[in-house]
Each structure stands twice: as C-alpha cells, then as structure tokens.
Amino acid sequence: MTFNVDRIRQDFPILSKSNRGKPLAYLDNAASSQKPNCVIACLAKYYKEQNSNVHRGVYALAEEAEIEYQQARQTIADWLHVSTEEIIFVRGATEALNLTAHCFSQSKLKSGDAIILTQMEHHANIVPWQMVAKEKNLKIKVAPIMNDGTLDLECLSKLLREEDTKLLSLCHISNSLGTINPVEQIIKEAHDRNITVVVDGAQSIPHTRLDLKKMDCDFFAFSGHKVFGPMGIGVLYGKKELLQAMPPYQGGGDMIDQVSFEGTTFAPSPQRFEAGTPNVAGAIGLASAIDYLSNQNMLELAQHEDSLLQFAQTELQKIKGLKIHGNAAKKVAVISFSIEGVHPHDLATLLDSEGIAIRTGHHCCQPLMESLGVTSTARASFAFYNTMEEAERLVDAVQKSASILC
Ligand code: PLP
C-alpha cells in the first residue's frame, strides 16, 4: 500500500481538533508527538483490565501485568536489535542521560578525564555531565558546529585524539537544527581510541529505523512521548558489559538481590536500574507505539516528511528578512528560523490565531543559541501525519505575520 496521509491521520484523533476556531496544524512534534488510537486504547485497557503492581504478585492479575511489562521490554529490544537485559525503563531521555552520567562516571571515570559534548546539545545532555564533572573533577570539552549547522568533524576528531578524552556524548539529531549527525562514523573513530559513546536519540527515534547493534553506540537514550508513546516513560539502552559494571542509580524495592542492615547486594541489569514501582502502563503504551511504527513503512514516512521539509524550507526562505538556522544536507523536518525585527513569541502568537502550533524559545539549547547569535528562534517541526496543506498554511501564515510585525 502506498503512503496515504489521510488514512494515517485517522489513527490520531487529536489531529481533527480545532485550534482557536481553525483546524489544528500541529507543528511542534520535536517537543512532543501525538498518540495513535492504539496507544490510547492500550493505556485504557491496562487501567480497565490489567492494572496491578508488577514483580511481586502471585495472583493472575499481577501475573498478567508482569507478562505485559516484560513483553513491552522485548518489543523495544527487538525494535532496536538489542537484548532485553540492555533495555532500562526510565522516565525519559533526561533521566536516561542523568543515569548514564552518574553511574558511568562512578564506575569508569577518574579525576582529570575529559568528556566531549557538542555545541548543538540539549540541556539534558549538558547539565548532567556538568554535575558529575564538578563532583569528580572531570573536564568538559565542546565540539563546535559549522555555519550550516553540521558538526565540525575535524575539530571533533582533534578532541577525540586528545589523551584525556574518555567519553563522547552527542545527539543523533539536533532538536533545534534538525541536523543528522553521522554517528556511526563518529562512534567508529571514538572506539578506535577506546572512547565510550553516549547517543542522545530523543530526536532520531521518531524519524528513522535504528539498529543499535549496527550503530555500535555504548548508550542510547530516548523518550516515549516523542515517538508517539505516552509521557513519563523512556528508555536507556546500554551495552550489557557496561551496565553490569555500573553501580545502581537509585536504591529501593525491586533493584536488590539481598538486603540486610549490614549491607545490600544488587540485582543484575535491567532491574538494578529500575528502583521502585515502574511505569507499567507507560512501558506497555510505548511498546504499542513501537508496534504501530513496525506496521508502517518507515522509509515512506521519512520521504513524506522530507517532502514537507523541502517545500517549507524553500518557501520560507523567500520571505524577506527570514533566516533558517541549520541548513545541513542531511536533516529531518525541523525548521528553526528568525525574522529580522520580529520577536519569535509574537510570530507564534499570530500563528496560533491561524490554528498553527509551533514552538519558540531557546529549545533547551542556550549554548547553541549563543553560537547562532540569537536568544530564541521560531521552530516548526513535522511528523509523518502532517500534510502538504499544513506546510502551505505555515508558509502563508508566516508571510502574513511578517508583514504585520515588521
Ligand atoms: N534530548 C533532546 C535532543 C531533546 O530534544 C529532548 C527534548 O526535547 C531531550 C533530550 C529531553 O527529553 P525529555 O524532556 O523527554 O526527557
């Protein structure tokens, strides 16, 4: 079956909503994605028919919840081509990155070691490293970006060759620029020097079919809500041997082997990193979103998104005074832009009155904004359920707003 956006849109009930009396054009997908009926139904079914705590019950309901929870882990592991012991359920990409920074630095980093980040990172992939750097006296080095919003690979290589570099943490795709980083090539180069690589996959997982074994990253973090699943659930993938060498993140129920007042021994991964009652419904809902994607042709979805990107970029660029930040040849359908003399918030307010939802601000990338010479941008970000008509409405509304605000 060929790609049919109208058929796809029927799976997402919120898309037929109106916004300020106009049809909603939801173009804030990099912030959070909408949910298909199957995910919504799955959450309702869990709470109507399956809800109970996992791990401890012997009764049928608890067994059912446990089976569903572990099946969700299996679905996600299969989707990413890794094993279930390597999949840790967390609250989202932020928690996954905090866990990695905290636990990996405890087990493998020592005073004086250096961590490389890039100029285009989200605060979630900056602040946790700063916190552990302060605690353990680590250095942080930053790989710069080029004018087109791509990573300066030459500078990055230079940093990777420095003796004290022990870890690189970078985004697969920038949430502000849309740039797709060549992570496989970078990981190979880093591994040749025994450098551990953490990939922030928050923005890549909704757009591409990934094989983490092939990518060969050491850790990979993402959030369920950006991949058409529920909020409050996310995943940290880590290579088994690295996870087994790491101390727990939080202490409590379910993550232990034996507890006494003399001391505690811990369960193996993934339980070691999942202290307390997990977000069972969230995990099952995320697996349902992954099942939904498995039934789509991801290549067709990506081609559709790219046609929206190409159209919107070309047309927006024709607007006087408009500058697009990030023009990498390889990018996803995320367009950050500024218009000379126009405050992005004013622009977004006018777009909202036309039914169009975009985001403005620093997009949790203040260091990136500084390097772009702005404090905020307007950002339109597309998903496969967006239409060419919505892209046209965006261009028309930006044009109209610019003529009012300039
Ligand atoms: N990393 C990137 C690249 C992101 O875009 C985001 C969210 O926008 C995050 C990390 C943090 O995700 P969350 O807030 O879902 O934990």
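## Some details on the domain arrangement of the chain
Looking at the assigned domains, one finds that the chain contains domain 1 (5-29 + 297-405) and domain 2 (41-294). Across the contact, 31 residues belong to domain 1 and 26 residues belong to domain 2. Applying the counting criterion to the domain 1 and domain 2 interface returns 13 residue pairs in polar contact (both at pLDDT 80 or more). If you list the elements that add at least two residues to the side of domain 1 that touches domain 2, you get helix H11 (298-316), strand S14 (334-339) and helix H13 (366-372).

## Observations concerning the packing of aromatic side chains
Counted according to the given criterion, the structure contains 11 aromatic pairs. On the numbers, 6.0 Å between centres and 70° between planes, the contact of Phe-12 with Phe-384 is edge-to-face. Here Phe-384 lies in the loop between strand S17 (377-381) and helix H14 (388-405) and Phe-12 lies in the loop between helix H1 (5-9) and strand S1 (18-19), a separation of 372 residues in the sequence. Grouping residues by exposure puts Phe-12 and Phe-384 together as buried. Through pairs of rings, three or more aromatic residues link up here, namely Phe-12, Phe-228, Tyr-292, Phe-384 and Tyr-385.

## Thoughts on the state of the cysteines
Applying the stated criterion across every chain yields a total of zero disulfides. Here Cys-171 stays unpaired: no disulfide links it, and the sulfur of Cys-365, its closest cysteine neighbor, is 7.8 Å away.

## What about the site of the ligand?
Looking at the ligand, the residues that line it are Gly-92, Ala-93, Thr-94, His-122, Ala-124, Asn-175, Asp-200, Ala-202, Gln-203, Ser-223, His-225 and Lys-226. Contact distances for the ligand include 2.5 Å between a nitrogen atom and a side-chain N or O atom of Asp-200. Here an oxygen atom of the ligand and a side-chain polar atom of Gln-203 are 2.7 Å apart. Surface burial for the ligand is 84%, taken as the share of its 390 Å² of free accessible area covered by protein chains. Considering only residue class, the shell around the ligand consists of three nonpolar, seven polar and two charged.

## Some words on the pattern of salt bridges
Tallying each qualifying case throughout the model produces 20 salt bridges. The partner of Lys-239 in a salt bridge is Asp-216, and the shortest N-O contact between them spans 2.9 Å. Highlighted residues: Lys-239 in the loop between strand S10 (234-238) and helix H9 (240-244) and Asp-216 in the loop between helix H8 (212-215) and strand S9 (219-223), separated in sequence by 23 residues. Judged by relative accessible area, Lys-239 falls into the buried class, the value being 15%. Judged by its relative accessible area of 31%, Asp-216 falls in the partly exposed class. One salt bridge in this structure joins Lys-400 and Glu-354, with 2.8 Å as the shortest N-O distance. You can see Lys-400 sitting in helix H14 and its partner Glu-354 sitting in the loop between helix H12 (344-353) and strand S15 (356-357), a full 46 residues away along the chain. Since its relative accessible area comes to 45%, Lys-400 is described here as partly exposed. By relative accessible area, which is 22% here, Glu-354 ends up partly exposed.

## Quick word on the side chain of Asn-29
By the element assignment, Asn-29 lies in the loop between strand S3 (25-26) and helix H2 (37-50). Among the residues examined, Asn-29 registers a relative accessible area of 7% and is labelled buried. Of the polar contacts made by the side chain of Asn-29, one reaches the backbone oxygen of Tyr-26; its length is 3.2 Å. Beyond its immediate chain neighbours, meaning those up to four positions away, Asn-29 contacts Ser-381, Phe-382, Ala-383, Tyr-385 and Asn-386.

Rules used throughout
Residues numbered from 1 in each chain as written. Predicted model: local features only at pLDDT ≥ 70, side-chain atom pairs only at ≥ 80, totals over all residues. Heavy atoms only, no water. Domains from an automatic or database assignment. Contact = heavy atoms within 4.5 Å. Polar contact = N/O pair within 3.5 Å; in protein donor to acceptor, adjacent residues only side chain to side chain. Helix = DSSP H or I, 4+ residues; strand = E, 2+ residues; numbered from the N terminus. Phe/Tyr/Trp six-rings, centres within 6.5 Å; stacked < 30°, edge-to-face > 60°. Buried < 20%, exposed > 50% of the residue type's maximum accessible area, 1.4 Å probe, protein only. Disulfide = S-S within 2.5 Å. Near = heavy atom within 4 Å. Areas by Shrake-Rupley, 256 points an atom, 1.4 Å probe, with all protein chains shown as cover. Nonpolar A, V, L, I, M, F, W, Y, C, P; charged D, E, K, R; others polar. Salt bridge = Lys/Arg side-chain N within 4 Å of Asp/Glu carboxyl O.

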